[in-house]
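# Coordinate analysis (summary)
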Amino acid sequence: MTAADRSTPRPPRRHLLRAGSVGVGALGVGAASIGLDRTLAPRTAADDRSASAAGESLLHGEQTVPFHGTHQAGIETPAPAAATFIGLDLREEVDREGVLRMLRLLTDDAARLTRGEPALADTEPEMALQPASLTVTVGFGRGLMERAEREAPSWLEPLPAFGIDALEDAWTGGDLMLQIAAEDPMTVSHAARMLLKDARAFTRVRWVQPGFRRSPGTTAPGTTMRNLFGQLDGSANAAPGSEHFSRVVWIEDGPFAGGTSMVIRRIRMDLDGWDEVDRTAREQSTGTRLDDGAPLTGGTEDSRADFSAETANGFPVIGEFAHMRRANGIDDGEHQEIFRRPYNYDIAPPPGGDAISEAGQIFVSFQADLPGQFLTIQRRLDELDLLNQWTTPIGSE
């Protein structure tokens, strides 16, 4: 049931799916649109010049993303600068009707906030007036599906154990997930508080993970983000709005058609250890150039790697241990894809030690087939990936 069931015509319904330690849900809560119209597309320099000539405002805070639509926003929509991911556990006494009441509240207020309107009981309404391309994406875990008396997909289970994992309870598990993202961290903070106030009678907060990307206007629209190792991250992504994207991300058939699965992994990055590695070794670990993300076999960021290329000594230019080669599955005769939408995190290092950083990535991926796409890729990376020397998954959802 959506908020529109109360008094207005029902908007297009969507299934909210997510995977990981808990997975995705499918109660058809209304969520954000992903239509790539001009309200969602990043502004170009030409747009800004035209707007300036016409005397239009260039404020990022005024931009909105529709909440209702065929699919949820926050997946195919451009990734904004700030995001907060929240994992929630249902309270023991919450039953099916309680789940539905909670989802109505979340739906109503998320729709208001993404329009730049205050939540229904907003005590700081002025803080809601700059939506800054706010999106709210909701994911359901098996626990929520069971409380709602809905059959969950077979793959909606905790991820299998991987040898590289060192999972911490503080970042793992949950029944309900909220991804709240916008071009302004103040907008994200306010929206998160409003939605948590809606949910607190029904849930307890399990974890909160804020993340960041480049601020609006820092890089050209469409530029691939860099992670804190300085690497371009997400070069191989399918283009949003394309048929290719639809095949990679959206489930085609069955009760969850139009939805997707979502994986969230908190990956600690050893920046102090990375500092000790020279540029050549860094590039060999990934199989790509640091400056422009091109494969070591040449070309540009978008060029197809030549995995058969050899050095003068007969060794592969892109080694068997390189992240790019392992992710592509070239040596297994396989090729799977996922859509990556990650964020960086950087918090205070543990006190009393020698480390000067505690940083990493909130890895986020969307895929239509969790076992066939994400799990197949992750098993290869677990078996052999030189980047594992500097990365450790500490959370999984």
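What counts and how
Residues numbered from 1 in each chain as written. Predicted model: local features only at pLDDT ≥ 70, side-chain atom pairs only at ≥ 80, totals over all residues. Heavy atoms only, no water. Helix = DSSP H or I, 4+ residues; strand = E, 2+ residues; numbered from the N terminus. Buried < 20%, exposed > 50% of the residue type's maximum accessible area, 1.4 Å probe, protein only. Contact = heavy atoms within 4.5 Å. Core = buried A, V, L, I, M, F, W, Y, C linked by side-chain atoms within 4.5 Å. Pairing = 2+ DSSP bridges. pLDDT = per-residue confidence, 0-100. Phe/Tyr/Trp six-rings, centres within 6.5 Å; stacked < 30°, edge-to-face > 60°. Axes fitted to C-alpha atoms, helices over the stretch in contact; angles between N-to-C directions. Parallel < 35°, antiparallel > 145°, perpendicular 65-115°, else oblique. Left-handed = near helix turned anticlockwise from the far one by under 90°. Expected span 1.5 Å × (residues − 1). Polar contact = N/O pair within 3.5 Å; in protein donor to acceptor, adjacent residues only side chain to side chain.

## Topic: the overall build of the protein chain
Summing up its helical and strand segments, the protein chain has nine helices and nine strands in all. When the 397 residues of the protein chain are sorted by exposure, 52% land in the buried category. Long-range contacts, defined as pairs at least 24 residues apart, comprise 76% of the intrachain contacts of the protein chain with a sequence gap of at least 6.

## Let's talk about the nonpolar core
Ranked by internal contacts, the top residues of the largest apolar core, which has 52 residues, are M102, L113, L176, I180, L195 and F374. Counting only elements with at least two residues in this core, the list comes to β1 (82-90), α2 (96-114), β2 (135-140), α3 (142-147), β3 (176-182), α4 (185-199), β5 (261-269) and α9 (371-383). Among the elements that make up this core, the one with the highest residue count is α2 (seven residues). In terms of nonpolar packing, the next biggest core, distinct from the first, is built from 21 residues, F85, W207, V248 and F366 among them.

## A closer look at the pairing of β5
Summarising burial for β5: eight of the nine residues are buried, a large majority. Direction of pairing for β5 relative to strand β8 (residues 358-367): antiparallel, over a ladder of nine bridges. Paired with I267 across the bridge in β8 is Q361.

## Details of the confidence of the model for the protein chain
Averaged over every residue, the pLDDT of the protein chain is 87; the share at 70 or more is 85%. Low pLDDT (under 50) marks residues 1-56, which in the prediction has 193 contacts with non-local residues, meaning those over four places away or in another chain.

## Some details on the packing of aromatic side chains
Under the defined criterion, the tally for this structure stands at six aromatic pairs. Look at F229 and W274: their rings are 4.2 Å apart centre to centre, the planes differ by 20°, and that puts the pair in the stacked class. With F229 in the loop between β4 (203-212) and α5 (243-249) and W274 in helix α6 (residues 271-274), this pair connects stretches of sequence that are 45 residues apart. Judged by centre distance (6.1 Å) and plane angle (45°), the rings of F363 and F374 are tilted. Pair noted here: F363 is in strand β8 and F374 is in helix α9, with a separation of eleven residues, a long-range link. Residue F374 is classed as buried on the basis of its relative accessible area, which comes to 2%. Aromatic rings pair up to connect F229, W274 and W390 into one cluster.

## With respect to the environment of T187
Tracing the backbone shows T187 in helix α4. Once the C-alpha coordinates of T187 and S133 are considered, the two residues, 54 residues apart in sequence, prove to be 9.3 Å apart. Apart from the residues within four sequence positions on either side, T187 is in contact with Q130, P131, A132, L134 and A182.

## Topic: the environment of I180
Locating I180 in the fold gives a position in strand β3. The exposure class assigned to I180 is buried, which follows from its relative accessible area of 0%. In this structure, the C-alpha to C-alpha distance between I180 and A82, residues 98 residues apart in sequence, is 8.4 Å. Each residue touching I180, except ones within four places of it in the same chain, is listed here: A82, A83, T84, I86, L134, T135, V188, A191, A192 and L195.

## Considerations on the packing of α2 against α4
Taken N-terminus to C-terminus, the directions of α2 and α4 make an angle of 160°; their axes are 9 Å apart at the nearest point. Taken together, the axes of α2 and α4 are roughly antiparallel relative to one another. For α2 against α4, the interelement crossing comes out right-handed. Residues M102, L105, L106, D109, A110 and L113 of α2 pack against H190, A191, M194, L195, D198 and A199 of α4.

## Section: the environment of R379
Along the chain, R379 turns up in helix α9. Separated by 217 residues in the primary sequence, R379 and F162 have C-alpha atoms spaced 7.5 Å apart. If sequence neighbours within four positions are ignored, R379 has contacts with P160 and F162.

## Focus: α4
Here α4 spans 21 Å end to end across 15 residues, near enough to the 21 Å set by a 1.5 Å rise per residue. Buried within α4 we find T187, V188, H190, A191, A192, M194, L195, D198 and A199. As for α4, its buried residues are in contact with β1, α2, β2, β3 and β4. Where α4 begins, one side-chain oxygen reaches toward the backbone nitrogen of M186, 3.2 Å away; that side chain belongs to D184.

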